[in-house]
Amino acid sequence: MSLYCRTFFRRKSFGCYRLLSTYVTKARYLFELKEDEEACRKAQQTGVFYLFHDLDPLLQASGHRYLVPRLSRAASLPKSEMEAELGGSFIKLRQALFQLNSVDSSLLFTAQALLRWHDGHQFCSKSGQPTQKNMAGSKRVCPSSKIIYYPQMAPVVITLVSDGARCLLARQSSFPKGLYSALAGFCDIGESVEEAVHREVAEEVGLEVENLQYSASQHWPFPNSSLMIACHATVKPGHTEIQVNLKELEAAAWFSLDEVTTALRRKGSLALQPSEASSLLLPPKLAIAHHLIKKWVETLSCSSLAA
Ligand SMILES: NC(=O)C1=CN([C@@H]2O[C@H](COP(=O)(O)OP(=O)(O)OC[C@H]3O[C@@H](n4cnc5c(N)ncnc54)[C@H](OP(=O)(O)O)[C@@H]3O)[C@@H](O)[C@H]2O)C=CC1
Ligand SMILES: [Mg+2]
């Protein structure tokens, strides 16, 4: 059983920061918890805990949604007794994605990513000796080599390529039937975001892009922690012929504004009804791919209205 503690910021107890904004005060407080073992120990006495078993969070079903119980103290019971006592079950985070609200999912993403990182960094890669976690869980230190290990995220670029009227979406064989997403790929070492976008698009669909525009970013915990960097880009005029790299993708195609708008309106889970078996499915709201696609639709719809 693993526990992830979250300490809620209480404004009145930090008079020394009174002149600063609430956000700055909170940021300074969280910084203090990472640096000061004793302050962190104290905070854990009033903090709330999220419970995990083998990286699966404890969730409570409530209609079509999942709620995340916040525990005021750490208890240690066998898994089944814990589930019975708290009226919930330990569920794979990926499986529960569509039934969580965005605040809960963001906290659980961070908690699971940290727990996974600690689990995989128990030993120093130089000395082979066990590493020790600090109270806040923000780093691990090897007492022998003195190396400090910090939790890491792998940078990933995700790009929605457009030819002005259509956008390019692709699927991997592991995706649910009908689901298409934007092109994604890990940055190689030494690469800038721009270089990674150009390379990934060329590698996966054989196209050259230009007019790169950063849109947003997101921490994504699956399968390991990634920092998703989302961009829009266009192809060079007239150069739209896709050459799918079948080692990376199962299929890629251009989709019209109408097709994408209809797919965005489709609600609910990723399972298609038999009558819609050939329909296009898009990533869920929580995924940054959804944000990129929605933004493209909004921009194109506005510009066609203005024309
Ligand atoms: N939030 C969102 O909206 C979306 C998130 N994603 C995420 O983006 C990530 C990348 O997408 P994907 O298209 O799969 O990536 P790539 O196109 O880069 O291909 C994935 C392959 O890269 C290799 N790889 C795995 N980890 C790393 C790493 N840390 N550095 C370099 N190469 C690595 C693996 O190859 P091998 O197994 O041969 O070593 C893996 O099969 C995935 O984690 C996916 O979950 C993707 C789309 C949407
Ligand atoms: Mg890819």
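Residues numbered from 1 in each chain as written. Chains lettered and ligands numbered in written order. Predicted model: local features only at pLDDT ≥ 70, side-chain atom pairs only at ≥ 80, totals over all residues. Heavy atoms only, no water.

K.L.:
Which parts of the structure should I look at to understand the pattern of salt bridges?
P.N.:
Pairing of side chains with opposite charge becomes possible as their charged atoms draw close. Under the defined criterion, the tally for this structure stands at 10 salt bridges. Three or more residues are tied together by salt bridges with common partners; here these are Asp188, Glu191, Arg199, Glu200 and Glu203. (Salt bridge = Lys/Arg side-chain N within 4 Å of Asp/Glu carboxyl O.)

K.L.:
Before we go on, may I ask you to explain the coordination of the magnesium ion (ligand 2) in this structure?
P.N.:
Four donors placed tetrahedrally about a metal ideally form angles of 109.5 degrees, and six donors placed octahedrally ideally form angles of 90 or 180 degrees. For the magnesium ion (ligand 2), the full set of protein donor atoms is Ala184 (O) and Glu204 (OE), and the range of their distances to it is 2.1 to 2.2 Å. Here Ala184 is found in strand β11 (residues 183–186), whereas its partner Glu204 is found in helix α6 (residues 193–205), with 20 residues between them in sequence. (Donors = N, O, S within 2.8 Å, 3.2 Å for Na, K, Ca; no water. Helix = DSSP H or I, 4+ residues; strand = E, 2+ residues; numbered from the N terminus.)

K.L.:
Would you explain unusual backbone geometry in this entry?
P.N.:
Trans is the prevailing form of peptide bonds, just as negative phi is the prevailing case for residues other than glycine. At the junction of Phe222 and Pro223, the peptide bond is cis and its omega measures out at -15° in the coordinates. When you line up the elements, Pro223 lands in the loop between β12 (209–220) and β13 (226–235). Of note in this structure, Leu55 is not a glycine but carries a positive phi near 70°. Its place among the elements puts Leu55 in the loop between β2 (48–53) and β3 (56–62). With a relative accessible area of 21%, Leu55 lands in the partly exposed category. Look at Asn211: it is not a glycine, yet its phi comes out positive at around 50°. (Buried < 20%, exposed > 50% of the residue type's maximum accessible area, 1.4 Å probe, protein only.)

K.L.:
Teacher, can you tell me more about the domain arrangement of the protein here?
P.N.:
Along its sequence, the protein is carved into domain 1 (4–8 + 19–110), domain 2 (121–152) and domain 3 (154–266 + 281–306). Its C-alpha centre places domain 2 at a distance of 37 Å from the equivalent point of domain 3. (Domains from an automatic or database assignment.)

K.L.:
What exactly am I supposed to notice about the environment of Ala39 here?
P.N.:
One can find Ala39 in helix α2 (residues 37–46). In this structure Ala39 comes out as buried when scored by relative accessible area, which is 18%. For the pair formed by Ala39 and Ala136, sequence separation is 97 residues and the distance between their alpha carbons is 9.7 Å.

K.L.:
Looking at this structure, I do not really get the packing of helix α1 (residues 22–35) against α2. What am I missing?
P.N.:
In helix packing, the relevant descriptors are the interaxial angle and the interaxial distance, both defined with respect to the helix axes. One way to put it is that α1 packs onto α2 with a least axis distance of 6 Å and a crossing angle of 110°. It follows from the interaxial angle that α1 and α2 lie roughly perpendicular. Contacts between α1 and α2 involve Tyr29, Glu32, Leu33 and Glu35 from the former and Glu37, Ala39, Cys40 and Ala43 from the latter. Considering only residue class, the contact of α1 with α2 consists of 5 nonpolar, no polar and 3 charged. (Axes fitted to C-alpha atoms, helices over the stretch in contact; angles between N-to-C directions. Parallel < 35°, antiparallel > 145°, perpendicular 65-115°, else oblique. Contact = heavy atoms within 4.5 Å. Nonpolar A, V, L, I, M, F, W, Y, C, P; charged D, E, K, R; others polar.)

K.L.:
Help me understand the side chain of Gln218 in this model?
P.N.:
Here Gln218 shows up in strand β12. In this structure Gln218 comes out as buried when scored by relative accessible area, which is 14%. A distance of 2.5 Å separates the side chain of Gln218 from the backbone oxygen of Leu286, its partner in a polar contact. Look past the residues within four positions of Gln218 in its chain and what remains in contact with it is Ser226, Leu227, Met228, Leu286, Ala287 and Ile288. (Polar contact = N/O pair within 3.5 Å; in protein donor to acceptor, adjacent residues only side chain to side chain.)

K.L.:
What's the story with the confidence of the model for the protein in this structure? I'm lost.
P.N.:
Atomic detail in the predicted coordinates should be set aside for any region of low pLDDT. Overall, the predicted model of the protein reaches an average pLDDT of 90, with 88% of residues at or above 70. Across residues 9–17 the pLDDT falls below 50, and counting only partners more than four positions away or on other chains, this stretch makes 12 contacts in the model. Among the scores for the predicted complex, ipTM is 0.94 and pTM is 0.89. (pLDDT = per-residue confidence, 0-100.)

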